[in-house]
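Residue-level listing of the chains:
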Amino acid sequence: MNPSLGSSGQALVRPRRGIADYVETALPKVVLGPTLICALIFVYGFILWTAWLSFTESRILPRYDFAGLVQYVALFANDRWWIALKNLGIFGSLFILFCLATGLLLAILLDQRIRAEGFLRSIYLYPMALSFIVTGTAWRWILNPGLGFEHLVRQLGFEHFEFPLIVEPKTSIYAVVIAGAWQSTGFVMALFLAGLRGIDDAIIKAAQVDGAGPIRIYASIVIPSLRPVFFSSLIILAHIAIKSFDLVMALTGGGPGFSSDLPATFMYTFAFNRNQIGLGAASAMMMLMTVMAVIIPMIYSETRRQRHG
Amino acid sequence: MGSLSIRNVVKRFGPVQVLKGISIEAQDGEFLILVGPSGCGKSTLLNMIAGLDTITSGEIAIGGRIVNDLSPKDRDIAMVFQSYALYPNMSVRDNICFGLKIRKVPKEKQDEVVARVAKTLQMEHLLDRMPSQLSGGQRQRVAMGRALARDPMLFLFDEPLSNLDAKLRVEMRTEIKLLHERLKATIVYVTHDQIEAMTLGDRIAVMKEGEVRQLATPQEVYDNPADLFVASFIGSPSMNFIRCPVVAENGGVGVQLHEDAERFVFPAPQAVREGLRPWVGKEVIMGIRPEQITDRSPWSGENPHVVSRSAKVEVVQPTGPDTLMLIHLNGTPVTCRVHPESAPHPGDKMALMFDLSKLIFFDPQSEKRIS
Amino acid sequence: MAEPYRTHAAGPQLIGRTVIYTLLILFALYYLMPLFVMVTTSLKTLDDIRAGNLLALPAQIGFDAWVKAWGTACTGVYCGGLKGNFMNSVSFVVPAVIISTLIGAFNGYVLTMWRFKGSDMLFTGLLIGCFIPFQVVLLPMAQTLGWLGIANSIPGLIFVHVVYGLAFTTLFFRNFYVTVPAELTKAARIDGAGFFTIFWRIILPLSPPIIVVCVIWQFTQIWNDFLFGVVFSSGQRQPITVALNNLVNTTTGVKEYNVDMAAAIIAAIPTLFVYVVAGKYFLRGLTAGAVKG
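By convention here, each chain's residues receive numbers from 1 onward along its written sequence. A letter from A marks each chain and a number from 1 marks each ligand, given out in the order of writing. In view of the model being predicted, local features appear only for residues whose pLDDT reaches at least 70, and side-chain atom pairs are presented and counted only at 80 or more, with totals across whole chains, interfaces and linings using the full set of residues.

Here we look at the overall build of chain B
Here comes step 1: To qualify as a helix, a DSSP run of H or I must reach at least 4 residues; to qualify as a strand, a run of E must reach at least 2; elements of each kind are numbered from the N terminus. Across its full length, chain B carries 9 helices and 21 strands.
Here comes step 2: By principal-axis analysis of the C-alpha atoms, chain B measures approximately 80 × 45 × 35 Å.
Here comes step 3: Looking at chain B residue by residue over its 371 residues, the buried ones come to 41%.
Here comes step 4: Whether two residues are in contact depends on their C-beta atoms, placed from the backbone: they are in contact if these lie within 7 Å. A separation of at least 24 residues holds for 66% of the contacts in chain B among residues at least 6 apart in sequence. Here a residue counts as buried when 20 or more other C-beta atoms sit within 10 Å of its C-beta, as exposed when there are 12 or fewer, and as partly exposed otherwise, the C-beta atoms being derived from the backbone.

Regarding the packing of helix 3 (residues 79-110) of chain A against helix 7 (residues 172-197) of chain A
Residues and elements named next belong to chain A.
Here comes step 1: Axis geometry follows a simple rule: fit a line to the C-alpha atoms, using only the stretch in contact for helices, then measure angles between N-to-C directions, giving values from 0 to 180 degrees. Following both chains from N to C, one finds helix 3 and helix 7 inclined at 40 degrees, their axes separated by 6 Å at the closest point. With respect to helix 7, the axis of helix 3 lies oblique. Considering the relative orientation of helix 3 and helix 7, their crossing is right-handed. These descriptions rest on fixed angle ranges, namely under 35 degrees for roughly parallel, over 145 for roughly antiparallel, 65 to 115 for roughly perpendicular, and the rest for oblique. Crossing chirality is assigned from the near helix's rotation relative to the far helix, an anticlockwise turn below a right angle marking it left-handed and a clockwise turn marking it right-handed.

A closer look at the sheet that holds strand 18 (residues 323-329) of chain B
Residue and element names in this part refer to chain B.
Here comes step 1: Read across the sheet, 3 strands follow the order 17-18-19 without closing on themselves; strand pairing throughout is antiparallel. This sheet does not close on itself; its edge strands, each paired only once, are strand 17 (315-318) and strand 19 (332-338). This sheet shows a mean twist of 30 degrees between the axes of neighbouring strands, independent of strand direction. In this description, strands pair whenever DSSP reports at least two bridges between them.

What to know about the interface of chain B and chain C
When the parts come together, some accessible area is lost, and that loss is often what is quoted as the size of the interface.
Here comes step 1: Contact with chain B, which involves 17 residues of that partner, is made by 14 residues of chain C.
Here comes step 2: Polarity classes work like this: nonpolar for Ala, Val, Leu, Ile, Met, Phe, Trp, Tyr, Cys and Pro, charged for Asp, Glu, Lys and Arg, and polar for all others, with Gly in that last group. Partitioning the side of chain B that touches chain C into residue classes produces 12 nonpolar, 3 polar and 2 charged.

Some points on the interface of chain A and chain C
Here comes step 1: In this complex, chain A contributes 82 residues to the contact, which on the side of chain C involves 71 residues.
Here comes step 2: Looking at the side of chain A that touches chain C element by element, the count peaks at 17 residues for helix 1 (residues 19-54) of chain A.
Here comes step 3: Class assignment for the residues of the side of chain A that touches chain C results in 62 nonpolar, 13 polar and 7 charged.

Description of the pairing of strand 14 (residues 283-288) of chain B
Successive residues of a regular strand alternate their side chains across the two faces of the sheet.
Residues and elements named next belong to chain B.
Here comes step 1: The buried fraction of strand 14 is high, at 5 of 6 residues.
Here comes step 2: As judged from the 6 bridges shared by strand 11 (residues 240-249) and strand 14, these two strands associate in the antiparallel manner. Counterpart to R243 in the pairing with strand 14 is I285.

So, helix 3 (residues 107-120) of chain B
Each turn of an α-helix holds 3.6 residues, which means side chains three or four residues apart point in the same direction.
All names here are of chain B.
Here comes step 1: Over its 14 residues, helix 3 extends 20 Å from the first C-alpha to the last, a length consistent with the 20 Å expected when each residue adds 1.5 Å.
Here comes step 2: All of the buried residues in helix 3 are V113, V114, V117 and A118. Down the axis of helix 3, the smallest arc covering the buried residues is 125 degrees, so these residues share one side. Turned more than 90 degrees from where helix 3 packs its buried face, E108, K109, E112, A115 and K119 sit exposed.
Here comes step 3: Buried-residue contacts for helix 3 involve helix 2 (92-102) and helix 4 (136-149).
Here comes step 4: With its phi angle positive at about 55 degrees, Q122 sits one or two positions after the end of helix 3. One less than the number of residues in a helix, times 1.5 Å, gives the span that helix is expected to have. Note: the arc covers the axis-to-C-beta directions of the helix.

Remarks on the environment of K20 of chain B
All names here are of chain B.
Here comes step 1: Relative to the helices and strands, K20 resides in strand 2 (residues 16-26).
Here comes step 2: Judged by the 15 C-beta atoms lying within 10 Å of it, K20 falls in the partly exposed class.
Here comes step 3: Distance in space between the C-alpha atoms of K20 and V212 is 9.0 Å, their sequence separation being 192 residues.
Here comes step 4: Discounting chain neighbours no more than four positions away, the residues touching K20 are V10, G210 and E211.

What to know about the nonpolar core
Here comes step 1: Joining buried Ala, Val, Leu, Ile, Met, Phe, Trp, Tyr and Cys residues through C-beta atoms within 7 Å gives a set, and that set is a nonpolar core. Residues M79, L156 and V188 of chain B together with L244, A263 and A264 of chain C are the most contacted members of the largest nonpolar core, which totals 280 residues.
Here comes step 2: By residue number, the principal contributor to this core is helix 7 (residues 154-177) of chain C, which donates 15 residues.
Here comes step 3: Shared between two domains, this core holds at least three residues of each, these being domain 1 (10-62) and domain 2 (83-290) of chain C.
Here comes step 4: Leave out the neighbours within four places in its chain, and A263 of chain C touches A69, A73, L82, L244 and L247 of chain C. By convention here, the domain bounds are inherited from an automatic or database domain assignment.

Quick look at the pairing of strand 19 of chain B
Residue and element names in this part refer to chain B.
Here comes step 1: The pairing of strand 18 with strand 19 spans 7 bridges and is classified as antiparallel. Its bridge partner lying in strand 19, T323 is registered against V338.
Here comes step 2: Counted along the chain from strand 18 to the antiparallel partner strand 19, the turn is 2 residues long, and its residue N330 has a positive phi close to 55 degrees.

Structural notes on the sheet that holds strand 11 of chain B
Residues and elements named next belong to chain B.
Here comes step 1: With antiparallel pairing, 5 strands are arranged side by side in an open sheet as 13-12-11-14-21. Looking at strand neighbours, the two that pair on one side only are strand 13 (262-267) and strand 21 (360-362), the edges of this open sheet. Averaged over all neighbouring strand pairs, the angle between strand axes comes to 45 degrees, with direction disregarded.

Concerning the environment of V307 of chain B
Residues and elements named next belong to chain B.
Here comes step 1: Relative to the elements of secondary structure, V307 occurs in strand 16 (residues 306-312).
Here comes step 2: Given 15 C-beta atoms within 10 Å, V307 falls into the partly exposed group.
Here comes step 3: As for V307 and L352, which are separated by 45 residues in sequence, their C-alpha atoms are 8.3 Å apart.
Here comes step 4: Ignoring anything within four residues of it in the chain, the contact list for V307 reads F266, F354 and L356.

Quick word on the confidence of the model for chain C
Residues and elements named next belong to chain C.
Here comes step 1: Every residue carries a pLDDT, the predictor's confidence in it, which falls somewhere between 0 and 100. Within chain C, residue pLDDT values average 86, and 92% of them lie at 70 or more.
Here comes step 2: Averaged pLDDT values for the elements of chain C fall to 82 in helix 2 (residues 46-51) and rise to 94 in helix 4 (residues 83-113).
Here comes step 3: In the predicted structure, residues 6-10 sits below a pLDDT of 50 and forms 3 contacts with residues beyond four places in sequence or in another chain.
Here comes step 4: Two numbers describe this predicted complex: its pTM, 0.84, and its ipTM, 0.87.

Here it is in structure tokens:
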């Protein structure tokens, strides 16, 4: 190797890149490869597959000849689907509302320098560790008309108390709301608590110096600065609501009849029990589109905010 | 052996050109500083020398070998980072040995190296501690020890003192300078602190927006800055810049100034006279450093270039060793340096000595120095 | 916020604190109530249940319901209790958690320390996979498992849970490794360490906190899953959640509420145990998942 270096273009040695270097550059991509292939095939590929199925007349067995929108027409002509959609609306909005309101309330209460805060927090949060099947089973028992809550209240003296919530077609979906909200509120509370803890003390102190009372401070400063948490919670809760399947299966089985059906249980029943693959695929695609309608604006506004922020 | 050659190196990130053609030749054993404001590209250039970033075009050669295609471990370099980058799960000893272990250096040689490095940096008592148990200054020393253990051709420092408090920074600066003198190693050192640049470097490359504005010794950069940016960047408190028209005067050339209502002319130093002549009738920017405007001292009379004028003092700021005062010339605030005892009350007028031998003039358009 | 909002008079403050504590305790009771009901019901006899009410304590503590739930209850055609299904769950949850965590760690490492052109976009693409309703992959996956010969089998369940868990595990590790200074990798590269050496010697030793979070999260998610279990397995291969649902929904004979409750608790014990022991990591997992990039 020529060690000397002149400033006027003396011959220099230029070593070549070794095989090892090429391997090093390729390695990261190779490691990521399997995951990406999985995502490509098992997520995006399968979505396309299901989409295709939704455009066919598949019943017990899949068929792949294109049949247009016939399944979607059938879907929206199906009363049960409409009930499922209506239930999703009722369940979704009540579930989200209750979780947000109660979660916020609990977070605010817990933030008041409570003794045993950690202990209380873990009590509110433990339902998240349970399967929705367990939750559904437990609440099914609690809401049992003959032996559950109704019976308890009657034994307490209110002999004519009636609480057939879970067995009445008109109200069965509200049972799902109760059980679901019980399970998920703790999570929202945890998010809000973290958000509250992140608020700058100095702003609160400035407001107190300005003479604002506690309610004013909460209304004008604290709650508005929790907006990002509201949005993340909203998105996550909406997501849980749209995907709700386990809870309904355990709590009401979709019944009585199909009065507490949700799109997820509809899809399962038609695709796997009723041998209507095409219809099931169409309902799955509708679920996907609903989720995307919620998620995509969020991602869009997030990336927008990051670019400008 | 440890010379560094950077030839017309360009770096692009997508459409943005971060380095616009850098050429620097560093001699064996030289302490080269890359200094400039954030975003000027100095860290990017350092990363490219190290091999942590690719080169868009141009060549970098270390010790006679073009290293463009070599990975960092093959370039015979060592690097000290701003955040020290010590391996948190390893002891000091293991941190220093890590590179040696990877290169399968035999155990006895490893121990030898660790002992040598620990002695040089006076770290023997720290060898078995974990990084989390060390202070900032100690961590920095370990980071340097790790670099020393490699015995490389080229040392790279990326703002190593920025995370230390002011007092520690001064101490470590001295240590680094001593280390350089003992090892006679070639060092490329990146910093945004112009004091570090001035005190440590053999030569300074002042960078801005991807270009080297001036590459020279500290004193040269201080006395003869290449342009307005270099002049304002180097020196604290920074150089005063005053816009003034050039006039012909007494057969020579000078600049027209006014303080309050008084008008006067400062003659230009001999060296610049010819360069300034074409500018008669136009405006230039005059640069004069605060220490060149001072109070009367017993030997002031000996310097023929010193002119006395009085000016109204607006603000007085004592710093301890001297006092900074603000006056106005041509409507521009100008900082002067006087002995604390001589400083008047704000609002008073005071007689000041102006050392005109070091006046510098800049083209207002191109911002380059007129010579 | 450190300070509660005090008014200056002590009286209103005391009332305020009382109200706060009362509310908190009431809510705590509301959340504990189902657990209490489950436990007490499982310890009662059927007569006891019919005679008493939800909140009454058992007249006599009996574990018969538990024994039945574990060993002899009918989950469909088969009447051998939940023990087989419990073992099923264990046998696919453990491998699925380990594999998905390991791959997630490597992915997170690559995405933060070895970025290449387009790697961030790939991450976003992967992330979207977290959000899809799994209904849209059920039909193709059922078909694919059949083709691969692992339909209705433990390996099949492991496969499904790993594939759909990767997005989350990658997210966890990537968000964690982002906080590790990149200069650590640079220093190691200059020292001569390669891709795997850096991971093994430097990154992995830093990872225990996130590994715990990831394992707890994955364990809870996979153990509690019902959808994949009910679609991709049947009969005796079913996980415990599916078996529980079957048990509770059997319409033959007398409804044995105590057995139902005992079965529910058996299904809940592993994740509850993990929660009690490592609750704060569970919380970290939840909030880490929610704070998405």
